[in-house]
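Tertiary structure, described
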Amino acid sequence: MKIKGLFKSLSVLSASILFLGTSLGQENDLIGQGITLSVIIPEQEDPFPSGAESYLVNKLTQVAINNGIAAGKDFSRFFIAANIAMTNKDILPGPPRQVSQNMEVTLYIADYFDKKIYSSTTVNAVGVGTNETKCVINALKGIPVNSPQLNRFVEEGKGKILAYYAQQGERIIRQAESLAARHRYDEAFYLLTSIPDAAGEVFDKAMDATLRIYQAYVDRLCDENLAQARAAWAANQNSAGAAQAGRFLSQIYPDAKCYGEAMSLYGEIKGKVLDDWKFEMKKWQDGVDLQSQRISAMRDVGVAFGNGQQPVTYAGLGWLHR
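Before going into details, it helps to say that this report is about the structure given with it.

Topic: the layout of surface pockets
Estimated volume of the largest pocket: approximately 520 Å³. Along the wall of the largest pocket there are 29 residues; nearest its centre are Ser 76, Arg 77, Tyr 165, Tyr 190 and Ser 194. Among the elements of the structure, α1 (15-20), α5 (148-181), α6 (185-193) and α10 (290-308) are those that each provide at least two residues to the lining of the largest pocket. No other element matches α5, which puts six residues into the lining of the largest pocket. Residues belonging to the lining of the largest pocket are distributed by class as follows: 16 nonpolar, eight polar and five charged.

What about the sheet that holds strand β2 (residues 70-72)?
The strand order across the open sheet built from five strands is β2-β1-β3-β4-β5, with neighbouring strands paired in mixed fashion. Edge strands, defined here as strands with exactly one partner in the open sheet, are β2 and β5 (116-129). Put simply, the sheet's adjacent strands are angled 30° from each other on average, direction ignored. Pairing analysis gives 13 bridges linking strand β4 (residues 98-111) to β5, with the strands arranged antiparallel. The residue bridging Met 103 from the neighbouring strand is Ala 125, located in β5. Sitting on the sheet, helix α3 (residues 53-66) touches β1 (36-40), β2, β3 (78-92) and β4, and the angle it makes with β3 is about 125°. Where α5 meets the sheet, it contacts β1, β3, β4 and β5, and its direction lies at approximately 155° from that of β5.

Notes on the pattern of salt bridges
When their charged atoms lie close together, side chains carrying opposite charge are able to pair. As enumerated under the stated definition, the model contains 13 salt bridges in all. Connected through salt bridges with shared partners, the residues Arg 77, Asp 111 and Asp 114 form a single ionic network.

Some thoughts on empty space enclosed by the protein
Tallied over the entire structure, the rule returns two cavities of 30 Å³ or more. Taken as a whole, the second largest cavity encloses approximately 50 Å³ of empty space. Lining the second largest cavity are Leu 56, Lys 59, Leu 60, Val 63, Val 105, Leu 107, Leu 140, Ile 143 and Leu 150. Mapped onto the lining of the second largest cavity, the elements with two or more residues apiece are α3 and β4. With four residues, the top contributor of residues to the lining of the second largest cavity is α3.

Analysis parameters
- Residues numbered from 1 in each chain as written.
- Predicted model: local features only at pLDDT ≥ 70, side-chain atom pairs only at ≥ 80, totals over all residues.
- Heavy atoms only, no water.
- 1 Å grid on protein atoms, 1.4 Å probe; cavity = no way out; pocket = protein on both sides within 12 Å on 5 of 7 lines; lining within 4 Å.
- Points joined across faces, edges and corners; volume = space filled by probe spheres on them.
- Helix = DSSP H or I, 4+ residues; strand = E, 2+ residues; numbered from the N terminus.
- Nonpolar A, V, L, I, M, F, W, Y, C, P; charged D, E, K, R; others polar.
- Pairing = 2+ DSSP bridges.
- Axes fitted to C-alpha atoms, helices over the stretch in contact; angles between N-to-C directions.
- Contact = heavy atoms within 4.5 Å.
- Salt bridge = Lys/Arg side-chain N within 4 Å of Asp/Glu carboxyl O.

Written out as structure tokens, the structure reads:
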């Protein structure tokens, strides 16, 4: 049975790690690049056991991480994927009876939107197991993730991704600013915060644009949510109304222009419902650079938008095999 091209990946680094610069051990190199790939399992040309899919996701994630790129669950235009061609299969007499399977695993780093392959390589693998699923899992486990071949594969993909941003970065920033002018802030943040810090000057310009757009975004968000919170509280000045108002107040950022008014409403509600209202206004984390927290917050907005654009299936990736 063919694999449905579902988006299957493991989260390696959180948004706060990627953008606030918190790191442990090997992740320093990943943060230094800022490039994140989606891990995609496209529809396979040959039958592939569904029980081995998670191992394939793990292997692709490891290949990226061990060669200096983060691989995450969040939707990105750039992705790492694999196509597995089953070649020779032998049945080994027992006891126990075992299956031996040779496979050609072709890895890709590609651009989802432009349908361009940035890098590819093929690795031969062989596995032995008591059934086909275990056989394939053992073959995948045996692929060395830090071999010179896979290092070259990732480096080539990384270089072309950075070349893309060097060529298209200014256009991306202009597009984001145009979107923000039409109040499409989430889409603008998605574009801007997707630019990796390894893009150098383009990244710096993108972050400047992000922070310029930030204030307009939080001010508009505050006005909209404060109006909704006031309406909810005016309609029901009880615990139910407080809970509804709290859902709107929780969306207001601390440095929005109307934050003081939101705090006044918070105080009014708190004074009436007392301990029945378990709610606190949004605050910035003490001891962490404020600008970094703003950028991280904007990345969260952008990531949420990007994931909302994620296809239900990836059945249309046949161009990878051409």
